[in-house]
Amino acid sequence: TYRKDTQKTPPSICNWKPKHMEVDCPPEESISSAFEEDSIELGDVKDMRLEADAIVNDVLFAVTEMHISQSLTSTSDVAYINVETREGNRYCLELTEAGLRVVGYAFDEVNEELNTQYHETVYSLLDTLSPGYREAFGNALLQRLEKLKQNGQ
């Protein structure tokens, strides 16, 4: 068994050598203990502002415009993202631990009476809202696969 107070790293992680890769861990710095320290600092709580920033950067290529709302206050529990689809439709999205959902049909608009479905991912949400997103995402995937094919030959 592996104990944190020992200087040795777990044998299952270090000195493991698959066909084309070597992994060597210095004895003074364990991968597991570094991971445990990060987990203690960050905990299991996600900061929705950071999540929103990652979402915007991830799918910006497939929409006309997307940014974190400057008018609506984002916190560690909730963030608001404005998105304009390739079809020209504007939405205000709410991001919480429950997922993403449409809360308004204009930038920076939160309609409390709107009871829209939560989506686990931004991909799922945009897939339902925008055929242009689906097409752009599919094209990007094909380009990536083509690039992998070229590099592999």
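Residues numbered from 1 in each chain as written. Predicted model: local features only at pLDDT ≥ 70, side-chain atom pairs only at ≥ 80, totals over all residues. Heavy atoms only, no water.

**Let's talk about the packing of aromatic side chains**
In step 1: Applying the stated criterion to the full structure yields three aromatic pairs.
In step 2: On the numbers, 5.9 Å between centres and 50° between planes, the contact of Tyr 123 with Phe 137 is tilted. Taken as a pair, Tyr 123 in helix α3 (residues 122–129) and Phe 137 in helix α4 (residues 131–152) lie far apart in primary sequence, 14 residues in all.
In step 3: According to the relative accessible area criterion, Phe 137 is partly exposed, its value standing at 35%.
In step 4: A network of ring pairs unites the aromatic residues Tyr 123, Tyr 133 and Phe 137 as a single cluster. (Phe/Tyr/Trp six-rings, centres within 6.5 Å; stacked < 30°, edge-to-face > 60°. Helix = DSSP H or I, 4+ residues; strand = E, 2+ residues; numbered from the N terminus. Buried < 20%, exposed > 50% of the residue type's maximum accessible area, 1.4 Å probe, protein only.)

**Digging into the nonpolar core**
In step 1: If you look at the biggest cluster of nonpolar residues, it comprises 22 residues, and the most contacted ones within it are Met 66, Ile 81, Leu 93 and Leu 100.
In step 2: Elements supplying a minimum of two residues to this core: α2 (48–59), β2 (79–84), β3 (90–96), β4 (99–104), α3 and α4.
In step 3: Of the residues forming this core, the biggest block, five residues, is contributed by α2.
In step 4: Setting aside chain neighbours within four positions, we find Leu 93 in contact with Met 66, Ala 79, Tyr 80, Ile 81, Val 83, Leu 100, Arg 101, Val 102, Val 103 and Leu 125. (Core = buried A, V, L, I, M, F, W, Y, C linked by side-chain atoms within 4.5 Å. Contact = heavy atoms within 4.5 Å.)

**Some thoughts on unusual backbone geometry**
In step 1: For Asp 108, which is not glycine, the phi dihedral falls at a positive 60°.
In step 2: Take Asp 108: it is sitting in the loop between β4 and α3.

**Describing the side chain of Glu 84**
In step 1: Relative to the elements of secondary structure, Glu 84 occurs in strand β2.
In step 2: Assessed through its relative accessible area of 14%, Glu 84 is described here as buried.
In step 3: Setting aside residues no more than four positions away along its own chain, Glu 84 makes contact with Val 63, Thr 64, Glu 65, Asn 89, Arg 90 and Phe 107.

**Quick word on the pairing of β3**
In step 1: Across the seven residues of β3, six count as buried, placing the element largely inside the fold.
In step 2: Of the strand pairs in this sheet, β2 and β3 are connected by six bridges, and their pairing is antiparallel. Bridging across to β3, Glu 84 finds its partner in Arg 90.
In step 3: In this antiparallel pair of consecutive strands, β2 and β3, the connection spans five residues, and Gly 88 shows a positive phi of 90°. (Pairing = 2+ DSSP bridges.)

**Here's the deal with the sheet that holds β3**
Note: strands within a sheet are paired through backbone hydrogen bonds, in either parallel or antiparallel orientation.
In step 1: Ordered in space as β1-β2-β3-β4, the four strands form an open sheet in which the pairing is antiparallel. The sheet terminates laterally at β1 (65–68) and β4, the two strands that pair on one side only. Ignoring strand direction, the axes of neighbouring strands in this sheet form an average angle of 25°.
In step 2: Both β3 and β4 contribute to a ladder of five bridges, which runs antiparallel. (Axes fitted to C-alpha atoms, helices over the stretch in contact; angles between N-to-C directions.)

**Let's talk about the pattern of salt bridges**
In step 1: The tally for this structure, following the rule as stated, stands at four salt bridges.
In step 2: The shortest N-O distance in the salt bridge between Glu 84 and Arg 90 comes to 3.1 Å.
In step 3: Among the ionic pairs, Arg 101 bridges to Glu 94, the shortest N-O distance being 2.9 Å. For the pair formed by Arg 101 and Glu 94, the shared burial category is buried. (Salt bridge = Lys/Arg side-chain N within 4 Å of Asp/Glu carboxyl O.)

**Observations regarding the confidence of the model for the protein chain**
In step 1: Looking at the protein chain as a whole, the pLDDT averages 77, with 70% of positions reaching at least 70.
In step 2: The low-confidence segment residues 1–42 (pLDDT under 50) makes 32 contacts with residues lying over four places distant or belonging to another chain. (pLDDT = per-residue confidence, 0-100.)

**Describing α3**
In step 1: Residues of α3 that are buried include every one of Val 122, Leu 125 and Leu 126, and no others. For α3, the arc enclosing every buried residue in end-on projection is 90°, short of the 170-degree limit, so these residues lie on one face. (Arc of directions from axis to C-beta.)

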